[in-house]
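# Descriptive analysis of the structure
Spelled out, the chains give:
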Amino acid sequence: MRSIKVNLDKKTLSSYEIRIGTSILDRMILLIAKNHKAAHYVIITDTHVNRLYGQKLQNAMSEAGHHVSTIEIPAGESAKNMATVMDTARSLLDLGADRGTVLIALGGGVVGDLTGFVASVYMRSIPYIQVPTTLVGQVDSSIGGKTAVDLPQGKNLLGTFHQPSAVFVDLDFLETLPQKEYENGLAEIIKYGIIEDDKMFTLLEENMDAIQSRNPAYLPKIIETCCRIKKSIVEIDEREQGLRRILNFGHTVGHALEAVSEYALSHGEGVALGMIAAARLSAKMHYLADDDLSRIESVIAKAGLPTRIPHAFAPQTVIGRLKTDKKKKDGVIHFVLIKKIGMPFVNGGIPDEMINTVLEEMKA
Ligand SMILES: NC(=O)c1ccc[n+]([C@@H]2O[C@H](COP(=O)([O-])OP(=O)(O)OC[C@H]3O[C@@H](n4cnc5c(N)ncnc54)[C@H](O)[C@@H]3O)[C@@H](O)[C@H]2O)c1
Ligand SMILES: [Zn+2]
């Protein structure tokens with residue numbers, strides 16, 4: 001089991017360890033008992049993950065002598081909303097959860113974001129532990145303390161910063177992950193390569209067929225590299241005042257496409273298309289060489305992700321959606337662009353016509 005420390009504000013004692021390994025659940029339970037001792041643990045999980053792993057974790061923790069309960073939420077993004085927050089809060093009250101309770105988020109990014117949000121507001125905040133079971137969760141959403149739920153007007157519009165007390169990444173969970181969900185995780189992994197690590201990008205390029213078919217030779221190292229990249233960025237900019245914005249590479253257009261497709265596009269598919277749009281804009285603005293653009297498109301295709309927007313859409317609707325993005329400042333859409341692979345920057349504004357052209361080029 002590998003351990004990576006996320007060093008945050010010493011005053012608030014918010015530093016924590018990310019532990020990564022295979023078949024680590026028994027050791028996880030021991031570490032939770034040692035470092036996060038609580039009178040009551042509440043596992044929050046979704047219907048799919050509960051069936052696969054929830055009962056198993058609850059039993060193992062009970063056998064180890066802990067008082068542990070489980071709250072199940074519906075699976076999928078459509079449950080990441082205030083209604084589920086209210087249901088969860090009600091269940092916590094029914095279970096007698098108080099400030100001595102620790103929540104355990106067992107699931108993908110939906111469970112992680114929602115559990116983090118509930119933990120940050122329930123009784124003015126209680127601790128929570130992330131046990132991510134998707135590749136997206138393991139390389140991205142479980143680290144960094146951004147919590148959120150969606151509003152009808154858009155994704156992640158209500159949220160807080162609330163760091164987890166610990167993150168446990170067990171690669172065993174990935175065995176049951178559907179291929180499409182796995183590929184969503186590959187989109188985030190490619191993102192890390194593009195924004196921060198040209199060496200990892202080359203490794204992905206050279207071995208994407210094996211990685212896409214889940215050859216175990218590559219994944220542990222890749223997941224660890226991604227966790228290290230995310231933790232380094234979060235350490236420097238915990239609250240997304242500056243550097244952390246580079247993690248949104250591909251997400252501006254990605255979120256807009258996801259929304260306009262009424263979520264027929266998954267997050268990973270949106271991000272894949274958004275990364276291509278951002279790379280194309282970077283090339284059009286003469287920052288990025290065409291060769292690097294081709295490399296990006298090709299690795300995304302090899303990962304099984306789309307490189308063309310597969311549904312009918314009006315570019316103007318997408319641009320309209322971009323303008324309601326919460327990350328815009330002063331009415332200008334700020335894009336994360338790249339000068340080359342491994343070198344991102346935040347651009348001050350791109351003309352609508354150029355975005356329109358790129359979206360037209362990307363029609364299937
Ligand atoms: N907080 C952050 O920094 C951050 C970063 C990235 C993404 N996110 C959020 O994460 C969410 C996406 O997360 P996700 O992609 O993990 O989606 P998800 O949580 O919806 O999980 C995807 C699907 O896989 C199922 N599943 C989970 N683990 C499984 C397993 N081991 N075996 C079989 N099935 C399993 C789930 O039940 C679900 O149906 C989005 O809401 C996004 O906004 C947050
Ligand atoms: Zn993402």
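Now for a look at the structure at hand. (Residues numbered from 1 in each chain as written. Chains lettered and ligands numbered in written order. Predicted model: local features only at pLDDT ≥ 70, side-chain atom pairs only at ≥ 80, totals over all residues. Heavy atoms only, no water.)

## Description of the coordination of the zinc ion (ligand 2)
Worth spelling out the cut-off: Think of the donor list as every N, O and S atom within 2.8 Å of the metal, or within 3.2 Å for Na, K and Ca; water never makes the list, so a site can look incomplete. Where helices and strands are cited, they refer to DSSP runs of H or I of at least four residues and of E of at least two residues respectively, numbered from the N terminus. Exposure classes here rest on a 1.4 Å probe applied to the protein chains alone. A residue is buried below 20% of its type maximum, exposed above 50%, and partly exposed in between.
Protein ligation of the zinc ion (ligand 2) involves Glu-188 (OE), His-251 (NE2) and His-267 (NE2), the donor distances falling in the range 2.0 to 2.1 Å. Mapping the donors of the zinc ion (ligand 2) onto the primary sequence yields the spacing E-x62-H-x15-H. With a gap of 79 residues between them, Glu-188 in helix H6 (residues 179–196) and His-267 in helix H10 (residues 267–284) connect regions that are remote in the sequence. What makes Glu-188 buried here is its relative accessible area of 0%.

## With respect to the sheet that holds strand E1 (residues 2–6)
Here is the rule: One requirement defines pairing of two strands: DSSP has to find at least two bridges between them. Helix axes are fitted to C-alpha atoms over the stretch in contact, other axes to C-alpha atoms as well, and angles between N-to-C directions run from 0 to 180 degrees. Only heavy atoms enter the contact rule, under which two residues are in contact if any of them lie within 4.5 Å.
The sheet built from seven strands is open, its strands ordered E1-E2-E9-E6-E5-E3-E4 with mixed pairing. Looking at the sheet topology across the chains shown, the edges are occupied by E1 and strand E4 (68–73). Neighbour to neighbour, the strand axes of the sheet diverge by 20 degrees on average, direction disregarded. When strand E2 (residues 16–21) meets strand E9 (residues 166–170), the two strands line up parallel, connected through five bridges. From the neighbouring strand, Arg-19 faces E9, where its bridge partner is Phe-168. Relative to strand E5 (residues 101–107), helix H4 (residues 109–121) is tilted by about 165 degrees, and along the sheet it contacts strand E3 (40–46), E4, E5 and strand E6 (128–132). Strands E1, E2 and E9 of the sheet are contacted by helix H8 (residues 219–236), whose axis makes an angle of about 15 degrees with E1.

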